[in-house]
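Here's the letter readout for the chains.
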Amino acid sequence: MSTNIFFERKGPFLLNKLFSSISVGKKIKIFDIKPLDEANTNDLTFLDSTNYIEAAKYTKALFCLTTERLKDYLPKKCKAIIVKSVLFELCNVTRKFYPNADIDNLDQSLKTPKRKFPTVKFGNNVLVGKNCKIGKNTLIGNYSIIEQNVLIGENCVIGSHVVLKNSQIENNVVIQDGCKIGLKGFGFIPLNNKNLRFPHIGKVILKNNSEIGSNCTIDRGSIGDTIIGKNTFLDNQVHVAHNVKIGDNCMIAGQVGFAGSSIIGNNVSIGGQAGVSGHLKIGNNVKIGGGSGVVNNLPDGSIVMGYPAVPLKEFLRKSKK
Amino acid sequence: MSTNIFFERKGPFLLNKLFSSISVGKKIKIFDIKPLDEANTNDLTFLDSTNYIEAAKYTKALFCLTTERLKDYLPKKCKAIIVKSVLFELCNVTRKFYPNADIDNLDQSLKTPKRKFPTVKFGNNVLVGKNCKIGKNTLIGNYSIIEQNVLIGENCVIGSHVVLKNSQIENNVVIQDGCKIGLKGFGFIPLNNKNLRFPHIGKVILKNNSEIGSNCTIDRGSIGDTIIGKNTFLDNQVHVAHNVKIGDNCMIAGQVGFAGSSIIGNNVSIGGQAGVSGHLKIGNNVKIGGGSGVVNNLPDGSIVMGYPAVPLKEFLRKSKK
Amino acid sequence: MSTNIFFERKGPFLLNKLFSSISVGKKIKIFDIKPLDEANTNDLTFLDSTNYIEAAKYTKALFCLTTERLKDYLPKKCKAIIVKSVLFELCNVTRKFYPNADIDNLDQSLKTPKRKFPTVKFGNNVLVGKNCKIGKNTLIGNYSIIEQNVLIGENCVIGSHVVLKNSQIENNVVIQDGCKIGLKGFGFIPLNNKNLRFPHIGKVILKNNSEIGSNCTIDRGSIGDTIIGKNTFLDNQVHVAHNVKIGDNCMIAGQVGFAGSSIIGNNVSIGGQAGVSGHLKIGNNVKIGGGSGVVNNLPDGSIVMGYPAVPLKEFLRKSKK
C-alpha cells in the first residue's frame, strides 16, 4: 500500500493536533496511518495485540499507538503513545486522515463503457467508474458494477450482478455472479445509540488465477488489505472479512466464513461451512474439516476438525465417546 | 401494525363463514387477523404455543384460534375456537383476508424516479414503486429496487442490487449491496405434492442507525413484523427469518442465521455462523459465541457457546474432555 | 440427459486419440462422456468409487475409466481403461468433448424480450437469451437474466436479480430474488499455480411446485444433473453443489449447504445451517436437525443431529455429559 488510490487522504497533521487529550510534545508532522510493517518514518502506526510483536520489532515508524502493557515491544526509536483503547484512538485518528472511508458512498462517475475498452467484452448494462483499467480479453457480465480506480487484469471472467470497488484484480481471475467485493467491513467502536464506524481505507487484492464462487462477499481491509492468493479457489457463499489474507493454492469450500484479520497459509484446504475466528495464523498445508470452528492458531501441516477444531485423531476419539 | 399499507385486506367476513366445518354460532363480523397483543375486539387472534400465554392474558380479541390444551390460558371474554392445527386453520383464514400475500408478485408500478425525489441521490437504473417516501440525503445504489409503499428515512445509505419491499426503513440506516429485504418468508403447511403457503402480511422495520451487511436476507413477518432494533449492526450474509425481532445495540457477525419468530434483547452480540432456533427468547446483554447453535431461551446476561449452546464455562469444561 | 442442449459437443473421437499415453488398441469411435446409468454403447463412462458399483453392473457402456481396484465391478462386456486418477483423466477427456464448459462465458444472445412472450409478465430490464421457452402466466422480476436454451414452465414466479443458465424449470416453481442457478460448480483438479477446471456439462432441473429462497446458489452438474424434486422448498441462502439430487416434498431451512453429488430422498426435512457432505445417500423421511453435519449415509426414517450427526437419542445423551 504505497499511495492510496481509492481514498483521498487529508493532512499532514501535527501529532499534537491528532490527540488533543494526550501530551505528545513537539511539532511533528504525521502523513498517514499504516500497519507496523508498512509504516514509514512519517507515519503513525499502532500495536494492539501480542500477535504483532514480531512486526513491531522492525517497524520504521517513529510513533506508535499502543497500551501500557504492550509498549515495551516497540524498538527504542519508536515512541509509544499510550492509550486505553488502541482501536478507539486509531479509529478517531484514521477518520481525520480519511473522512470518507467509513461509509460506501455512491460512485457518481459510473457510466456505461463505450469505446474506451475495445479489448474487453461487456454484457448488458455494465457500469464502469473513472480511472478503471481492464485488461484484454476480460469478460464482464450483465448489471455488474466496476467502481472508480478498480484495476482488472487480462483474461478475467467476471459474472453478472457483481460489485467490485476498492479492488485490484490480477490476471486470469474468475468471479462468479452476485459477488460483492471491496465493500467496507464490519468494523466499528460499539457505542450506545450510534456506533462509531471504523474507516476502511484498505483494498481487496485477488491474485492471478484465483476464483471466487457465486454470492461471495469479500470486504476490503480497514488498515491494510484483504488478499486472496494465487490459484486459490473459493466456492459459493464464502464470506471473507476485512484484512484477511489467504495464501496461494488454497481450496475454500462453500459457505466458509473468515472473521477479520486472520492469515491463512498456502495449500490450505477448508471444508464447507467451516469458520475461522479473527486474528489467527493458519500455517501452510493445513486441512480443516467441513463444519469446523477454528479458534486457535494452527501450525503447518495441521489436520483438524470439530468445534472447537482439534487434531483429527482427537476429534475421532471424542466422537466415539 | 395499525392498517396494513402493503397488502389489500378483504372482508369483513362473518365468523361462521370463515370456518365452514367449525360451529361458532352467531353472525359476528371479523375484520382482520392479528397477533394476541395487536388484536382489537373486531379481530380474530390465535394462540398456538405456551410461549405466548402472557400475551394471551391481555388480548383484546373476543375470538381466538387455539387448541384444547391451550384454551384455558385465554381470558374469559375471549372465546376459544378449538382446532386441531392452529397453523393450518390460521393459514386458511389469513388467505381469505389477504389472498395476495402468499407469493411475491411483480410490482408493476416500478419506474425510474425522475423529478419526484429532489433531495435523494440515486445511482443508475434504480426502480421505485408508487407511494414510496424517501427522506432527504438518502443514497440509493445502482440496480436497486424500492417497491411500492416502502418508507425510507433520512440520511440512509442503500447499496446496489438491493431489493426492498414491504419495509419501513428509519433514519441513518445503512444497507449494503445485494440485500433482499421484505420478501415472503419460509412458512407453509407441508402437503404432499403442493404445500400450502402461509400468507406473509407483515413487514420489515429497520430502526434508526441500524446497518445491514452485504447479501443479507431479512424476510417480512407472516402475521406481525420482523424488526431490527436501533443501532444494531448485521455483518454480511446474515439470514433473518420472518417475525424475528432483534433489539437495540446488537452486533451480529457474518453468516449468522435466525429461524422464525425468535425475540432477541438489547446489547446482544453473536459471533459468526451462530444459529438461533425458532420461537426463542434471548435476553438483554447476552453473548453468543461464534458457531454456536442456540436451542433454548437465554436469560439476561448469559454467555454461551457450543452446539447446543451452553454456558461458556460448561463449554470449556466439555471441550477439555 | 439425451442430447445436451446447453453445450456444444465435439467429436466423435477415436478412443486411442483420447488417451495418448494409454494403450486401448482398436479404432473405436467414442461419441460422448456419460455417467454409468446414462451411457450408451458408443459412450465412454467412468467408475471412481464403490458408491456406484450397483450402477456399474447395468451400464451399457463398452469402455469405462476406472482403477485397478475397481475394475472387477464392471460387467464383462465393458472394458476397463485403468488409470491412476479417474477424475484427472475424466477431466481431460471431457474437456476434449466439451471445450467450452469449464468457464461460464458471456451469453451474447441476451436481449430485452419484446413481443416474443406475450403470455409472460416481465419486470424491468429482464434479459433473455436465444431459444428460451417460457410458459404462460410466468412472472420474471427486474434485472433477472435467463440465458440461452433455458426452459421455464407455466405459472412460475421468478424474482429480481436472478440468474438462470443451463436450467430446466418446470411448472409452478418459485425462485426468489438474488438466486444464481445453473452456474459451473466447484470442481477442479488441484494443480500448483493453475488448477485444471472440470467441465460442467450438466444442468439444473427444478421440478414442479418447488421453491427456492432468496440468494440461494444451485450449481449445475459436472457430468449428470443437479435436481430439486417436486414440491421441495428451500429457504434463503441455501447452497446446493453440483450433481446433488434432492427428492420430492423436502423442506430445507436457511443456510443449509450440500456438498457435491449427494442424493437426498423424499420427505426429508433439514434444519437451518446443517451441512451434508459430498457423495452421500440420505434416505426417505429423514429428519436432520439444525446445525448438524452429516458425514455418513443415512437410512430411511433416520432422525439425526449433531456434528458429526448421530441419531437424536445419542446426541441428547452426549449433550448431557
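Residues numbered from 1 in each chain as written. Chains lettered and ligands numbered in written order. Predicted model: local features only at pLDDT ≥ 70, side-chain atom pairs only at ≥ 80, totals over all residues.

Some details on the overall build of chain A
Here's step 1: Counting its secondary structure elements, chain A contains 4 helices and 36 strands.
Here's step 2: The C-alpha atoms of chain A give a radius of gyration of 21 Å, which matches the 20 Å a tight globule of 321 residues would have.
Here's step 3: In chain A, the share of contacts with a sequence separation of at least 24, taken over all contacts with a separation of at least 6, comes to 23%. (Helix = DSSP H or I, 4+ residues; strand = E, 2+ residues; numbered from the N terminus. Rg over C-alpha atoms; globule rule 2.2 N^0.38 Å. Contact = placed C-beta atoms within 7 Å.)

So, the domain arrangement of chain A
All names here are of chain A.
Here's step 1: When its domains are assigned, chain A resolves into domain 1 (13–97) and domain 2 (121–319).
Here's step 2: For domain 1 and domain 2, the distance between their C-alpha centres works out to 28 Å.
Here's step 3: Taken together, the contact between domain 1 and domain 2 spans 10 residues of the former and 8 residues of the latter.
Here's step 4: Top contributing element to the side of domain 1 that touches domain 2 by residue count: helix α3 (residues 86–97), with 5 residues.
Here's step 5: When its residues are assigned to classes, the side of domain 1 that touches domain 2 shows 5 nonpolar, 3 polar and 2 charged. (Domains from an automatic or database assignment. Nonpolar A, V, L, I, M, F, W, Y, C, P; charged D, E, K, R; others polar.)

Considerations on the relation of the copies chain A and chain B
Here's step 1: Its rotation angle being 120°, the transformation that places chain A on chain B also includes 0.0 Å of axial translation and leaves an RMSD of 0.0 Å. Both copies of the chain, as the preceding transformation shows, are related through a three-fold rotation axis. (Least-squares fit on C-alpha atoms with pLDDT ≥ 70 in both.)

Structural notes on the interface of chain A and chain B
Here's step 1: On the side of chain B, 37 residues touch chain A, which itself brings 33 residues to the contact.
Here's step 2: A breakdown of the residues in the side of chain A that touches chain B according to their chemical character gives 15 nonpolar, 15 polar and 3 charged.

Topic: the environment of K130 of chain B
Residue and element names in this part refer to chain B.
Here's step 1: Here K130 is to be found in the loop between β8 (127–128) and β9 (133–134).
Here's step 2: You can call K130 exposed: it has 12 C-beta atoms within 10 Å.
Here's step 3: Apart from the residues lying within four places of it in its own chain, the contact partners of K130 are S109 and Q148. (Buried ≥ 20, exposed ≤ 12 C-beta atoms within 10 Å, placed from the backbone.)

Quick word on the interface of chain A and chain C
Here's step 1: Opposite the 37 residues of chain A that make contact, chain C presents 33 residues.
Here's step 2: A class-by-class count of the residues in the side of chain A that touches chain C yields 8 nonpolar, 25 polar and 4 charged.

Some points on the sheet that holds strand β6 (residues 79–82) of chain C
Strand pairs in the sheet, formed through backbone hydrogen bonds, run parallel or antiparallel to each other.
Residues and elements named next belong to chain C.
Here's step 1: Across the sheet, 4 strands lie side by side as β3-β4-β5-β6; this open sheet has parallel pairing. Looking at the sheet topology across the chains shown, the edges are occupied by β3 (32–33) and β6.
Here's step 2: Sheet topology note: the strand β5 (residues 63–66)/β6 ladder contains 4 bridges and is parallel. The residue of β6 that forms the bridge with C64 is A80. (Pairing = 2+ DSSP bridges.)

Looking at the relation of the copies chain A and chain C
One copy of the chain maps onto the second through a rotation about an axis and a displacement along it.
Here's step 1: In the superposition of chain A on chain C (RMSD 0.1 Å, axial shift 0.0 Å), the rotation amounts to 120°.
Here's step 2: When the interface residues of chain A are mapped onto chain C, a mere 19% of them are again interface residues, pointing to distinct binding faces.

Focus: unusual backbone geometry
Here's step 1: Cis peptide bonds are those with omega within 30 degrees of zero, and the linkage from G11 of chain A to P12 of chain A qualifies with 5°.
Here's step 2: With respect to the helices and strands, the residue P12 of chain A is situated in the segment before β1 (13–14).
Here's step 3: Of note, the bond from Y307 of chain B into P308 of chain B is cis; its omega dihedral lies within 30 degrees of zero at 0°.
Here's step 4: Inspection of the secondary structure assignment puts P308 of chain B in the loop between β35 (303–306) and β36 (309–311).
Here's step 5: With phi around 55°, H161 of chain B is a residue other than glycine that occupies positive phi space.
Here's step 6: Inspection of the secondary structure puts H161 of chain B in the loop between β13 (157–158) and β14 (163–164).
Here's step 7: The phi angle at N267 of chain C is positive, at roughly 55°, despite the residue not being glycine.
Here's step 8: With respect to the secondary-structure elements, N267 of chain C resides in the loop between β29 (263–264) and β30 (269–270).
Here's step 9: Assessed through the 21 C-beta atoms surrounding it within 10 Å, N267 of chain C is described here as buried.

Comments concerning the pairing of β35 of chain B
Residues and elements named next belong to chain B.
Here's step 1: Of the strand pairs in this sheet, strand β33 (residues 287–288) and β35 are connected by 2 bridges, and their pairing is parallel. Bridging across to β35, I288 finds its partner in V304.
Here's step 2: Relative to β36, β35 runs antiparallel, the two sharing 3 bridges. Following the sheet pairing, M305 is matched in β36 by V310.
Here's step 3: Two successive antiparallel strands, β35 and β36, enclose a turn made up of 2 residues.

Details of the sheet that holds strand β20 (residues 204–206) of chain B
Residues and elements named next belong to chain B.
Here's step 1: In space, the 8 strands of this open sheet follow the order β9-β12-β15-β20-β23-β26-β29-β32, with parallel pairing throughout. In this open sheet, the two edge strands, each paired with only one partner strand, are β9 and β32 (281–282).
Here's step 2: As defined by bridge partners, strand β12 (residues 151–152) adjoins strand β15 (residues 167–169) across 2 bridges and the pair is classed as parallel. From the neighbouring strand, I152 faces β15, where its bridge partner is I169.

Re the environment of L298 of chain B
Here's step 1: Tracing the backbone through its elements, the reader meets L298 of chain B in the loop between β34 (293–294) and β35.
Here's step 2: A sequence separation of 12 residues divides L298 of chain B from V286 of chain B, and the C-alpha atoms of the two residues are 7.7 Å apart.

What about the confidence of the model for chain A?
Here's step 1: Across chain A, pLDDT averages 95, with 97% of residues at or above 70.
Here's step 2: For this predicted complex, the interface score ipTM comes out at 0.96, while the overall pTM is 0.97. (pLDDT = per-residue confidence, 0-100.)

Re the nonpolar core
Here's step 1: The biggest cluster of nonpolar side chains holds 189 residues, and the ones touching the most others in it are I252 of chain A, I252 and V294 of chain B together with I252 and V294 of chain C.
Here's step 2: When sequence neighbours within four positions are dropped, the list of residues in contact with V294 of chain C reads A274, G275, V276, S277, L280, I282, I288, V304 and A309 of chain C. (Core = buried A, V, L, I, M, F, W, Y, C linked by C-beta atoms within 7 Å.)

Some remarks on the pairing of β5 of chain C
Residue and element names in this part refer to chain C.
Here's step 1: Burial along β5 is two-sided: the face carrying F63 and L65 and the face carrying C64 and T66 are both buried.
Here's step 2: Bridging between strand β4 (residues 43–46) and β5 involves 3 bridges; their strand directions are parallel. Its bridge partner lying in β5, T45 is registered against C64.

Some words on the environment of N172 of chain A
Here's step 1: Residue placement: N172 of chain A occurs in the loop between β15 (167–169) and β16 (174–175).
Here's step 2: When near neighbours in sequence (up to four residues on either side) are disregarded, N172 of chain A contacts N155, C156, N208 and N209 of chain A.

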